[in-house]
Amino acid sequence: MPKGYWVARVDVRDAEGYKDYVAASKLAFERFGAKFLARGGEHEKAEGQGRARNVIIEFESLSVAHDCYHSPEYQRAVAIRQKVADGEIVLVEGV
């Protein structure tokens, strides 16, 4: 079965408030076995609109990635993130 991934691109407006999101989201990531492949760090905007923070998270499957995103634990974290950051998250199936 192919892996599932989150591809997140984020601009953080409040670094201190974002720490609360990171702490809250940890519960969902642990529950669903998230593996961070890229989490911030150096990047190059090669094409299109870039964001300051880029994250790739691997899950056992697209279904598990979906369940994590829509879980009550992560949705509580989303409410925090949306107050302190702008961005987008795409869930995608691996090959």
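Residues numbered from 1 in each chain as written. Predicted model: local features only at pLDDT ≥ 70, side-chain atom pairs only at ≥ 80, totals over all residues. Heavy atoms only, no water.

**Focus on the side chain of Arg81**
Then, in step 1: Checked against the element boundaries, Arg81 lands in helix H3 (residues 72-84).
Then, in step 2: For the buried Arg81, no salt bridge exists, and the shortest N-O distance to an oppositely charged side chain is 8.0 Å, to Asp86. (Helix = DSSP H or I, 4+ residues; strand = E, 2+ residues; numbered from the N terminus. Buried < 20%, exposed > 50% of the residue type's maximum accessible area, 1.4 Å probe, protein only. Lys, Arg positive; Asp, Glu negative; His and termini not counted. Salt bridge = Lys/Arg side-chain N within 4 Å of Asp/Glu carboxyl O.)

**A short note on the pattern of salt bridges**
Then, in step 1: By the definition in use, this model includes seven salt bridges.
Then, in step 2: The partner of Asp86 in a salt bridge is Arg13, and the shortest N-O contact between them spans 3.0 Å. Here Asp86, found in strand E4 (residues 85-93), pairs with Arg13, found in the loop between strand E1 (4-12) and helix H1 (15-31); they are 73 residues apart in sequence, far enough to count as distant.
Then, in step 3: As a salt-bridge pair, Glu88 and Arg51 come within 3.1 Å of each other at their nearest N and O atoms. On the criterion of sequence distance, the pair formed by Glu88 in strand E4 and Arg51 in the loop between strand E2 (35-39) and strand E3 (53-59) is long-range, its members being 37 residues apart.
Then, in step 4: By sharing partners, the salt bridges in this structure join Arg9, Asp11, Arg51 and Glu88 into a single network.

**Concerning the sheet that holds E1**
Then, in step 1: What the four strands build is an open sheet, ordered E2-E3-E1-E4; its pairing is antiparallel. The sheet is open, and its two borders are formed by E2 and E4, each paired with just one other strand. This sheet shows a mean twist of 15° between the axes of neighbouring strands, independent of strand direction.
Then, in step 2: Where E1 and E3 come together, seven bridges link them in antiparallel fashion. Within E3, the residue paired with Arg9 across the bridge is Asn54.
Then, in step 3: Relative to E4, helix H2 (residues 62-70) is tilted by about 150°, and along the sheet it contacts E1, E3 and E4.
Then, in step 4: Across the sheet, H3 touches E1 and E4, and the angle it forms with E4 is around 140°. (Pairing = 2+ DSSP bridges. Axes fitted to C-alpha atoms, helices over the stretch in contact; angles between N-to-C directions. Contact = heavy atoms within 4.5 Å.)

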